[in-house]
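Residues per chain are reported as follows:
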Amino acid sequence: MTPAATALAAAATGHGFLSPTGVEIAFLLVGLATLGAAVVTVTTKQLVHAALWLVVALGGIAVEYLLLTAEFIAWVQVLIYLGSVVVLLLFGLMLTKAPIGRSPDADSHNRWVALGVAVVAAASLVWVVVDAFRTTWIDLDGPVQGSTKVSGEILFQHWVLPFEALSVLLLAALIGAIVLSRREAADGPEDNTKGQQR
């Protein structure tokens, strides 16, 4: 089916930009909530609150994938990012004994530089995505793009190296956390014995 025929079919059914469906409205609302959580994540001065707001933002992205009928990607988002990255982040905060309350040290006073970098990065990302998919058409009669079969084929044919690099990164973070925790546990009894000898 050509894009013109698809547009004519959508116009015939009364569905268009000015008459969104419930899924599209939910997608917009979840997107706004996710954006708000992301903004709070990078603006709060409480590190633990930032990590918890990051959970909300990543969970919102997973819901967006579900609304796009990409269930496999949604569950990968939940398992890898919510189940691994955020847990390692919280574990690192606990090991470094980061303050629970407000932390003035968390503000480097480079907000304008950070804002400029964020704007440039966002503009570059939008330009890359638009340029990559400008002439791409989705075959509506073919397999679902977010299905496990299609996503697995794309992942293990074209994105094997980044996938393995991410797994090595997570493994390195986990080993580092274990080494730090064992070192602190080993230092504890020695400090106590030194205090008793004094």
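Residues numbered from 1 in each chain as written. Predicted model: local features only at pLDDT ≥ 70, side-chain atom pairs only at ≥ 80, totals over all residues. Heavy atoms only, no water.

J.: Before we move on, could you go through helix α4 (residues 71–95) and cite the residues and values that matter?
T.: Between its terminal C-alpha atoms α4 stretches 34 Å, which fits the 36 Å expected from 25 residues at 1.5 Å a residue. Listed in full, the buried residues belonging to α4 are A74, Q77, I80, V86, L88, L93 and L95. (Helix = DSSP H or I, 4+ residues; strand = E, 2+ residues; numbered from the N terminus. Expected span 1.5 Å × (residues − 1). Buried < 20%, exposed > 50% of the residue type's maximum accessible area, 1.4 Å probe, protein only.)

J.: If you had to explain a nonpolar patch on the surface to someone new, which residues and values would you point to?
T.: Together, I25, L28, L29 and L32 give the surface a local cluster of nonpolar side chains, amounting to about 400 Å² of exposed area. By the secondary structure assignment, I25 is in helix α2 (residues 22–43). With a relative accessible area of 42%, I25 lands in the partly exposed category. (Patch = residues over 30% accessible without salt bridge, like charges linked within 9 Å, V, L, I, M, F, W, Y side chains within 5 Å. Areas by Shrake-Rupley, 256 points an atom, 1.4 Å probe, with all protein chains shown as cover. Salt bridge = Lys/Arg side-chain N within 4 Å of Asp/Glu carboxyl O.)

J.: Tell me about the side chain of T34, and name the residues and values.
T.: By the secondary structure assignment, T34 is in helix α2. The class for T34 is buried, based on a relative accessible area of 13%.

J.: Can you explain the environment of A177? Please cite residues and give values.
T.: Relative to the elements of secondary structure, A177 occurs in helix α7 (residues 160–197). Residues A177 and F91, spaced 86 residues apart in sequence, show a C-alpha to C-alpha distance of 7.4 Å. Not counting residues up to four positions away in its chain, the partners in contact with A177 are F91 and L95. (Contact = heavy atoms within 4.5 Å.)

J.: Give me the lowdown on the packing of α2 against helix α3 (residues 47–67), citing residues and values where you can.
T.: At a closest axis distance of 8 Å, the pairing of α2 and α3 adopts a crossing angle of 160°. Considering their axes alone, α2 and α3 lie roughly antiparallel with respect to each other. Seen along the crossing, α2 lies across α3 with a hand that is left-handed. Residues V23, A26, F27, V30, G31, T34, A37, A38, V40 and T41 of α2 form the contact with α3, whose participating residues are A50, W53, L54, V56, A57, G60, I61, V63, E64 and L67. The class makeup of the residues in the contact of α2 with α3 is 15 nonpolar, four polar and one charged. (Axes fitted to C-alpha atoms, helices over the stretch in contact; angles between N-to-C directions. Parallel < 35°, antiparallel > 145°, perpendicular 65-115°, else oblique. Left-handed = near helix turned anticlockwise from the far one by under 90°. Nonpolar A, V, L, I, M, F, W, Y, C, P; charged D, E, K, R; others polar.)

J.: Break down the packing of α3 against α4 for me, with residues and values.
T.: In contact at an axis separation of 8 Å, α3 and α4 are set at 175° when each is read in the N-to-C sense. The angle between α3 and α4 falls in the class roughly antiparallel. Between α3, through L47, V48, A51, L54, V55, L58, G59, I61, A62, Y65 and L66, and α4, the contact on the second element is made entirely by E71, I73, A74, Q77, V78, Y81, L82, V86, L89, L90 and L93. Looking at the contact of α3 with α4 residue by residue, the class counts come to 19 nonpolar, two polar and one charged.

Geometric values such as these leave the question of function open.
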